[in-house]
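Examining the three-dimensional arrangement
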Amino acid sequence: QGSRGAAAGIDLPLGPHLASGLAVARAEMGEKRPCCTCKRCYCCCYCTFFLLILAIGLFAAIVVANFVQPEVTVKKTQFTGFMVSPSQATFDVDLSIFIDNPNDWPIKATIQELKANLYSLDKAAADKIGEVHYVGLATLPKPVVVDVQSQTTFIMPTKVTIKSNPESADLLARLNRDCGLFASPKTTKVRVVLAD
């Protein structure tokens, strides 16, 4: 009985091969090998970048395919404060500009600058145009927001003064004929050319 009790408390030395195998097993159980290498990271980044570019390209293609050119028209040209004499003509012009944007997001814009050149036409000419005379320039007084699926109307005002000189003699005579003291009805004809 004494020898059996003593044998239970003895630590037997391990051989070199057994100790080495046990150390390897413990290392494999306690430590995990890294799952992400540089090659795998580069591959993931490349795939993500490629998919992002593909998505942007598809989105741009859809937007271009569904794009409709917005309509820009001059709805009305109104003259106010008309003062005409043989020596000069002064008046204010209000251009009513209409923009129809039927597009969805992201087709919207803020117009920061817009110009309109005004020309006088001869309503009494056979072709209703006659000799074209430059009158003045109208500019946008403040930025205008054109939202998606919207119809926007805004005013472009300008003040015009035409003094008598050899170059403006024909224009001044036409304005006196169309809108002077004895004209009836007091109407004249103009051409508006928009320029960005």
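Residues numbered from 1 in each chain as written. Predicted model: local features only at pLDDT ≥ 70, side-chain atom pairs only at ≥ 80, totals over all residues. Heavy atoms only, no water.

With that out of the way, let us pick up the sheet that holds strand β5 (residues 133-139). Spatial ordering of the open sheet is given by β5-β4-β8, a layout of three strands whose pairing is antiparallel. Of all strands in the sheet, those with a lone pairing partner are β5 and β8 (189-195), marking the two edges. Direction aside, neighbouring strands of the sheet carry axes that sit 25 degrees apart on average. Relative to β8, strand β4 (residues 115-121) runs antiparallel, the two being bridged by seven bridges. Directly across from Leu 121, in β8, lies its bridge partner Lys 189. (Pairing = 2+ DSSP bridges. Helix = DSSP H or I, 4+ residues; strand = E, 2+ residues; numbered from the N terminus. Axes fitted to C-alpha atoms, helices over the stretch in contact; angles between N-to-C directions.)

Taken in spatial order, the three strands line up as β1-β2-β7 in an open sheet, and their pairing is antiparallel. Edge positions in the sheet fall to β1 (71-84) and β7 (150-163), since each of these pairs with one other strand and no more. Going across the sheet, the axis of each strand differs from the next one's by a mean of 15 degrees, ignoring polarity. Direction of pairing for β1 relative to strand β2 (residues 88-101): antiparallel, over a ladder of 11 bridges. Looking across to β2, one finds that Glu 71 is bridged to Asp 100. Here helix α4 (residues 169-179) sits on the sheet in contact with β1, β2 and β7, set at roughly 85 degrees to β1. (Contact = heavy atoms within 4.5 Å.)

A word on the packing of aromatic side chains. Here the structure, examined in full by the defined rule, presents four aromatic pairs. Pairing Phe 79 with Phe 82 gives two aromatic rings, centres 5.8 Å apart and planes at 40 degrees, and the pair type is tilted. Geometrically, the ring pair formed by Tyr 119 and Tyr 134 is edge-to-face, given 5.4 Å between the ring centres and 70 degrees between the ring planes. Of the two residues, Tyr 119 sits in strand β4 while Tyr 134 sits in strand β5, which places them 15 residues apart along the sequence. (Phe/Tyr/Trp six-rings, centres within 6.5 Å; stacked < 30°, edge-to-face > 60°.)

Right, let's talk about the environment of Gly 180 for a bit. Its place among the elements puts Gly 180 in the loop between α4 and β8. When its relative accessible area of 5% is taken as the criterion, Gly 180 is described as buried. For Gly 180 and Met 83, which are 97 residues apart along the polypeptide, the C-alpha to C-alpha distance reads 7.9 Å. Discounting residues that sit within four places of it in the chain, Gly 180 has contacts with Val 84, Leu 175 and Lys 186. (Buried < 20%, exposed > 50% of the residue type's maximum accessible area, 1.4 Å probe, protein only.)

This part covers the nonpolar core. Ranked by size, the top nonpolar core spans 22 residues in total, and within it Phe 91, Leu 95, Leu 140, Phe 154, Met 156 and Ile 162 carry the most contacts. Put simply, the parts of the chain that give this core at least two residues each are β2, β4, β5, β6 (144-146), β7 and α4. When residues no more than four places from it in sequence are discounted, the contact partners of Phe 154 are Leu 95, Ser 96, Ile 97, Ile 99, Leu 114, Leu 140 and Val 144. (Core = buried A, V, L, I, M, F, W, Y, C linked by side-chain atoms within 4.5 Å.)

Between β1 and β2, which follow one another and run antiparallel, lie three residues. Looking at chain direction, β2 and β7 are connected through 14 bridges and run antiparallel. Residue Ile 97 lies in a different strand from β7, and its bridge partner there is Phe 154.

Moving on, we come to unusual backbone geometry. The residue after Trp 105, namely Pro 106, is reached through a cis peptide bond having omega 10 degrees. Position of Pro 106 relative to the elements: it lies in the loop between β2 and β3 (109-111). Cis geometry is adopted by the peptide bond preceding Pro 185, which originates at Ser 184 and carries an omega value of -5 degrees. One non-glycine residue, Lys 128, lies in the positive phi region at around 65 degrees. Among the secondary structure elements, Lys 128 is positioned in the loop between β4 and β5. With a relative accessible area of 44%, Lys 128 lands in the partly exposed category. A positive phi angle, near 45 degrees, is found at Gln 149, a position not held by glycine. Residue position: Gln 149 is located in the loop between β6 and β7.

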